[in-house]
Amino acid sequence: LFHLTMAIATRFTRRFGLDAPIVSAPMGMLAGGRLAAAVTRAGGLGLIGGGYGNAEWLDQAFADAGNVPVGCGFITWSLARSPDLLDRALARAPTALMLSFGDPAPMAPAIHAAGVPLICQVQSVALARAALDAGAAVIVAQGSEAGGHGGDRGTLTLVPEVADLLAKTSPDTLLLAAGGIVDGRGVAAALMLGADGVLMGSRLLATPEADVPDGFRATILATAGDETVRTAVPDVARGYDWPPGFLARSIRTDFVDEWHGREGALADPATNPRERARYWAGFRSGDAANTVVMAGEGVGLVHSVAPVAEVFAAAVAEAEQLLAGAEARIRR
Ligand SMILES: Cc1cc2nc3c(=O)[nH]c(=O)nc-3n(C[C@H](O)[C@H](O)[C@H](O)COP(=O)(O)O)c2cc1C
């Protein structure tokens, strides 16, 4: 039913044979096979969140997707340390392979050789150029509103600046916008900025298909857009060695408020093991106060848990209506 009501065709939907110009973010460990498959079934492009890389988790995620075609995303700098994982993912004939955060060049040849479209998520114009050099078929311009790791450029200016770069230097490369897009207003705005589609992360955490504990969903519904912060707390807590320039936008839970600005103390060997155990216990049980819930500013626009198909149908219908009426509204 939802499927039939969708009607936004772009270069991106045509190239990938989709009904909705929406890709699901490859959110590490939270975007499993169920979410990715639900996104594909809803007409979008579903991606498994391979994250930092774990062979068992990856196999399980592809198994959970069953016969539904899905792609896969990795954190580039982490994947570079275990290149066998890339081969493992490519062997599953993913619909696309997405790389974020780091230089895609070393991994790109294997992806091209497998005939799999390469999607690169970038946080600056300089990184967009690097993605073009690596032969990306699709570039995701990610603004700082985004949940999870990212840079400090805003979506509203980064997307059109990358659109201009592509128009000038690589017109066949497709562009998606990411960061703060949770409904039809965001989808319509992204298309107006020159994107061919969008990538959604935070909104999809509040779906039954995401591998998210209920406590996280409740926290997302209860959080206003003011209550997130870009922070190194989750990485210092976990001992993850992120390259400079990237911070993780997260909900200001008690855990984050306790340690944000006190990262040195959190890294202290006298403190870290206790807080790391607290982080993972809270993460596994969904006790949001005692862990970090990464999510973007868009959480302030998320008011219900709904299946992916409903989220997409509503967003596409709203975007279509807004785009159809745009001229009338501007003249008013
Ligand atoms: C909980 C969470 C985890 C994320 N993990 C990853 C990841 O492992 N790899 C990645 O490329 N992007 C990751 N992202 C960022 C998304 O790819 C995307 O840029 C972001 O979700 C878009 O902004 P939005 O959250 O406002 O929709 C994550 C985002 C969230 C919210």
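As the structure is a computational prediction, the values presented were derived from the model and not from experiment.

1. What to know about the site of the ligand
Argument step 1. Close contacts around the ligand come from 21 residues, with S100, Q142, G180, G201 and S202 the closest.
Argument step 2. The separation between an oxygen atom of the ligand and a polar main-chain atom of G28 is 3.0 Å.
Argument step 3. Contact between the ligand and G147: an oxygen atom at 3.1 Å from a main-chain N or O atom of the residue.
Argument step 4. With the chains in place, 96% of the 590 Å² that the ligand exposes on its own is no longer accessible.
Argument step 5. Because more than half of its atoms lie within 2 Å of the grid, the ligand is assigned to the largest pocket.

2. So, the sheet that holds strand 6 (residues 138-142)
Argument step 1. Overall, parallel pairing links the 8 strands, which are arranged 1-9-8-6-5-4-3-2 in an open sheet. Edge positions in the sheet fall to strand 1 (22-24) and strand 2 (47-49), since each has one partner strand and no second. Recorded for the sheet is a direction-independent mean angle of 25 degrees between the axes of neighbouring strands.
Argument step 2. Where strand 6 meets strand 8 (residues 174-178), 5 bridges bridge the pair, whose relative direction is parallel. By the bridge assignment, V138 is partnered in strand 8 with L174.

3. Looking at helix 8 (residues 125-133)
Argument step 1. Looking at helix 8, one finds that the buried residues are V125, A128, A131 and L132. Viewed end-on, helix 8 has its buried residues packed into an arc of 105 degrees, placing them on one side of the element. Seen from the open side of helix 8, the exposed residues pointing more than 90 degrees away from its buried face are A126 and D133.
Argument step 2. Count one or two residues on from helix 8 and you reach G135, which has phi positive near 85 degrees.

4. Brief notes about empty space enclosed by the protein
Argument step 1. This model, assessed by the stated rule, comprises 1 cavity of 30 Å³ or more.
Argument step 2. Looking at the lining of the largest cavity, the elements with two or more residues in it are strand 7 (148-150) and strand 11 (247-251).
Argument step 3. For the lining of the largest cavity, the class distribution of residues is 3 nonpolar, 7 polar and 2 charged.

5. Some details on the sheet that holds strand 11
Argument step 1. Overall, antiparallel pairing links the 3 strands, which are arranged 7-11-10 in an open sheet. Looking at the sheet topology across the chains shown, the edges are occupied by strand 7 and strand 10 (228-231). Neighbour-to-neighbour, the strand axes of the sheet open up by a mean angle of 30 degrees, direction not taken into account.
Argument step 2. Strand direction decides the pairing type here: strand 7 and strand 11, joined by 3 bridges, are antiparallel. Bridging across to strand 11, G150 finds its partner in L247.

6. Details of the packing of helix 3 (residues 33-41) against helix 4 (residues 55-65)
Argument step 1. Contact pair helix 3 / helix 4: the axes reach a minimum separation of 7 Å and the direction vectors enclose 40 degrees. On the basis of the axis angle, helix 3 is oblique to helix 4. The interaxial crossing formed by helix 3 with helix 4 has right-handed handedness. Where helix 3 approaches helix 4, its residues G33, R34 and A37 are matched on the opposing element by A61, D64 and A65.
Argument step 2. Across the contact of helix 3 with helix 4, the residue classes break down as 3 nonpolar, 1 polar and 2 charged.

7. Re the side chain of R203
Argument step 1. Along the chain, the position of R203 falls in helix 11 (residues 202-205).
Argument step 2. For the buried residue R203, which engages in no salt bridge, the nearest side chain bearing the opposite charge is E310, 7.6 Å off.
Argument step 3. Only 3.1 Å separates the side chain of R203 from the backbone oxygen of S304, close enough to count as a polar contact.
Argument step 4. R203 has contacts with V182, V302, S304, A306 and V311, leaving out every residue within four places of it along the chain.

8. Observations regarding the packing of helix 8 against helix 9 (residues 155-169)
Argument step 1. At a minimum axis distance of 10 Å, the contact between helix 8 and helix 9 shows a crossing angle of 35 degrees. In this structure, the crossing between helix 8 and helix 9 has a hand that is right-handed. Facing helix 8, whose interface residues are V125, A128, R129 and L132, helix 9 presents L158, E161, V162, L165, L166 and T169.
Argument step 2. In terms of residue class, the contact of helix 8 with helix 9 is built from 7 nonpolar, 1 polar and 2 charged.

Cut-offs used in this document
- Residues numbered from 1 in each chain as written.
- Predicted model: local features only at pLDDT ≥ 70, side-chain atom pairs only at ≥ 80, totals over all residues.
- Heavy atoms only, no water.
- Near = heavy atom within 4 Å.
- Polar contact = N/O pair within 3.5 Å; in protein donor to acceptor, adjacent residues only side chain to side chain.
- Areas by Shrake-Rupley, 256 points an atom, 1.4 Å probe, with all protein chains shown as cover.
- 1 Å grid on protein atoms, 1.4 Å probe; cavity = no way out; pocket = protein on both sides within 12 Å on 5 of 7 lines; lining within 4 Å.
- Sits in = over half its atoms within 2 Å of the grid points.
- Pairing = 2+ DSSP bridges.
- Helix = DSSP H or I, 4+ residues; strand = E, 2+ residues; numbered from the N terminus.
- Axes fitted to C-alpha atoms, helices over the stretch in contact; angles between N-to-C directions.
- Buried < 20%, exposed > 50% of the residue type's maximum accessible area, 1.4 Å probe, protein only.
- Arc of directions from axis to C-beta.
- Points joined across faces, edges and corners; volume = space filled by probe spheres on them.
- Nonpolar A, V, L, I, M, F, W, Y, C, P; charged D, E, K, R; others polar.
- Parallel < 35°, antiparallel > 145°, perpendicular 65-115°, else oblique.
- Left-handed = near helix turned anticlockwise from the far one by under 90°.
- Contact = heavy atoms within 4.5 Å.
- Lys, Arg positive; Asp, Glu negative; His and termini not counted.
- Salt bridge = Lys/Arg side-chain N within 4 Å of Asp/Glu carboxyl O.

Geometric values such as these leave the question of function open.
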